[in-house]
Amino acid sequence: MLSYLLFILGFVFLIKGADYLVDGASSLAKKLGLSPLFVGLTIVAFGTSAPALFVNITASIEGSAGIAIGNIVGSNIANILLILGLSAMIYPLRAKDSTLRTEIPLAFLAVLALLVSVNDRLIDGLSFNALSRSEGLMFWLFFIIFIYYTFGIIKNPNKEKDEQVKERRGTMIALMISGGLAALVFGSKLIVDNGLIIASALGISEALVGLTLIAVGTSLPELATSAMAAYRKKPDIAIGNIVGSNIFNIFFVLGTSSLVRPIAFDPALNFDIIATLLATFGLLLAFFVGKRKVLERWQGCGFLFLYVLYIVYLVYRG
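These numbers were taken from a predicted model, which means no experiment stands behind them.

Asker: Mind laying out the overall build of the protein, listing which residues take part and the relevant values?
Answerer: Helix and strand content of the protein: twelve helices and four strands. Here the protein, with 318 residues, has 54% of them falling under the buried criterion. The contacts of the protein with a sequence gap of at least 6 include a subset with a gap of at least 24, amounting to 84%.

As structure tokens, this is what we get:
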């Protein structure tokens, strides 16, 4: 019974944490004249990727290669199909030109780089597959390039004031952002830890739990943040958070994890990496189908349907 109560409490922390984070990030953008897209791609994306980072570093230290890579791949699929799908159903998401030209293609490149890096046996003819320290360092270099790019969109080109965003003092903004992030991390930990206990009690296999619950669990901060941003009609933060998190997850989180310890790769996960590639390409394509530059509600429903099919396949695969 306690596990069920803590599981529900985790969602309370997630919802309130996301509320404070989106409010604080919006106030920061307004106060400093920053682009909301920049804030979503950096501050918010980094914060919501924190649970995945902690899980992966722990998995790398303990030698749990399947969790380290499966968590990131599963999270990235959930970010696009589940989270952006739900967010678009709440409020249609309009993308900036830079998002379509640069950020989503860079997210696609990140997945492609991962696919090439882990298939040493297929590409180099080696006797093993792994994400090595040198490849992790390469991912870090890509990450630095991404951070350098974001400074090109740091300023808000839209000079008119957003009257819906409340003016706040710097200390209050810092407290809202840091407190919101802390609540997101704590809430996601409550959900994942107690979800594993509940799943074990129900007799669900550990492998299936790792591929689904852990991956979705570490994406819960992105879910809460993007859904709240969509509800508050802040599409730049909603989209920027997801695209930025997907880039962070591969270049920063996996790069850091492999620097801690090289990560062995199971070729069975190639299907999931290709699924991530297709989901990322599908996201880009969706903005040119129907209403241009807008992810509409019916497309969000389609993304959710595809995610359900993916979960059904995982259950079938075991």
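Asker: Mind laying out a nonpolar patch on the surface, listing which residues take part and the relevant values?
Answerer: A contiguous nonpolar patch, built from Phe108, Leu109, Leu112, Val116, Leu122, Ile123, Phe281, Leu285, Val289 and Trp298 and spanning about 950 Å² of accessible area, is present on the exposed surface. At the level of elements, helix H5 (97-118), helix H6 (120-123) and helix H11 (270-286) are the ones that each hand at least two residues to the nonpolar patch. No other element matches H5, which puts four residues into the nonpolar patch. By the secondary structure assignment, phenylalanine 281 is in helix H11. Residue class for phenylalanine 281 comes out partly exposed when judged on its relative accessible area of 46%.

Asker: Describe in detail the packing of H5 against helix H7 (residues 133-150), supporting the description with residues and values.
Answerer: At their nearest, the axes of H5 and H7 sit 11 Å apart, and the two run at 175° to each other. By the angle between their axes, H5 is roughly antiparallel relative to H7. Note on element contacts: H7 touches H5 through Glu135, Met138, Phe139, Phe146 and Tyr149, opposite Ser98, Thr102, Glu103, Leu106, Ala113, Leu114 and Ser117. Taken together, the residues that form the contact of H5 with H7 break down as seven nonpolar, three polar and two charged.

Asker: So what's going on with the packing of H7 against helix H10 (residues 235-260)? Which residues, and what values?
Answerer: Relative orientation of the contacting elements H7 and H10 amounts to 145°, with a least axis distance of 8 Å. The two elements H7 and H10 meet at a crossing, and its hand is left-handed. Of the residues in H10, those touching H7 at Arg133, Gly136, Leu137, Phe139, Trp140, Phe142, Phe143, Phe146 and Ile147 are Gly244, Ile247, Phe248, Ile250, Phe251, Phe252, Leu254, Gly255, Thr256, Ser258, Leu259 and Val260. A class-by-class count of the residues in the contact of H7 with H10 yields 15 nonpolar, five polar and one charged.

Asker: Give me the environment of lysine 291: which residues, what numbers.
Answerer: Among the structural elements, lysine 291 can be located in the loop between H11 and strand E4 (294-295). With relative accessibility at 47%, the residue lysine 291 sits in the partly exposed group. Linking lysine 291 and arginine 94, residues 197 residues apart in sequence, is a C-alpha distance of 9.5 Å. Lysine 291 has contacts with Arg94 and Glu296, leaving out every residue within four places of it along the chain.

Asker: I'd love a proper account of the side chain of asparagine 246, names of residues and values included.
Answerer: Inspection of the secondary structure puts asparagine 246 in helix H10. We classify asparagine 246 as buried; its relative accessible area is 4%. Polar side-chain contacts of asparagine 246 include one of 2.7 Å to the side chain of asparagine 79. Once you skip the residues sitting within four places of it in the chain, asparagine 246 turns out to touch Asn76, Asn79 and Ile80.

Asker: Account for the pattern of salt bridges, with residues named and values stated.
Answerer: Scanning all chains against the criterion turns up two salt bridges. In this structure, the salt-bridge partner of lysine 96 is aspartate 236, at a minimum N-O distance of 3.7 Å. With a gap of 140 residues between them, lysine 96 in the loop between strand E1 (93-94) and H5 and aspartate 236 in helix H10 connect regions that are remote in the sequence. Residue classification places lysine 96 among the partly exposed positions, given a relative accessible area of 41%. In this structure aspartate 236 comes out as buried when scored by relative accessible area, which is 15%. Note that lysine 293 is salt-bridged to aspartate 97, the shortest N-O span being 2.6 Å. Linking lysine 293 in the loop between H11 and E4 with aspartate 97 in helix H5, this pair joins segments that are 196 residues apart in sequence. What makes aspartate 97 partly exposed here is its relative accessible area of 36%.

Cut-offs and rules
- Residues numbered from 1 in each chain as written.
- Predicted model: local features only at pLDDT ≥ 70, side-chain atom pairs only at ≥ 80, totals over all residues.
- Heavy atoms only, no water.
- Helix = DSSP H or I, 4+ residues; strand = E, 2+ residues; numbered from the N terminus.
- Buried < 20%, exposed > 50% of the residue type's maximum accessible area, 1.4 Å probe, protein only.
- Contact = heavy atoms within 4.5 Å.
- Patch = residues over 30% accessible without salt bridge, like charges linked within 9 Å, V, L, I, M, F, W, Y side chains within 5 Å.
- Areas by Shrake-Rupley, 256 points an atom, 1.4 Å probe, with all protein chains shown as cover.
- Salt bridge = Lys/Arg side-chain N within 4 Å of Asp/Glu carboxyl O.
- Axes fitted to C-alpha atoms, helices over the stretch in contact; angles between N-to-C directions.
- Parallel < 35°, antiparallel > 145°, perpendicular 65-115°, else oblique.
- Nonpolar A, V, L, I, M, F, W, Y, C, P; charged D, E, K, R; others polar.
- Left-handed = near helix turned anticlockwise from the far one by under 90°.
- Polar contact = N/O pair within 3.5 Å; in protein donor to acceptor, adjacent residues only side chain to side chain.

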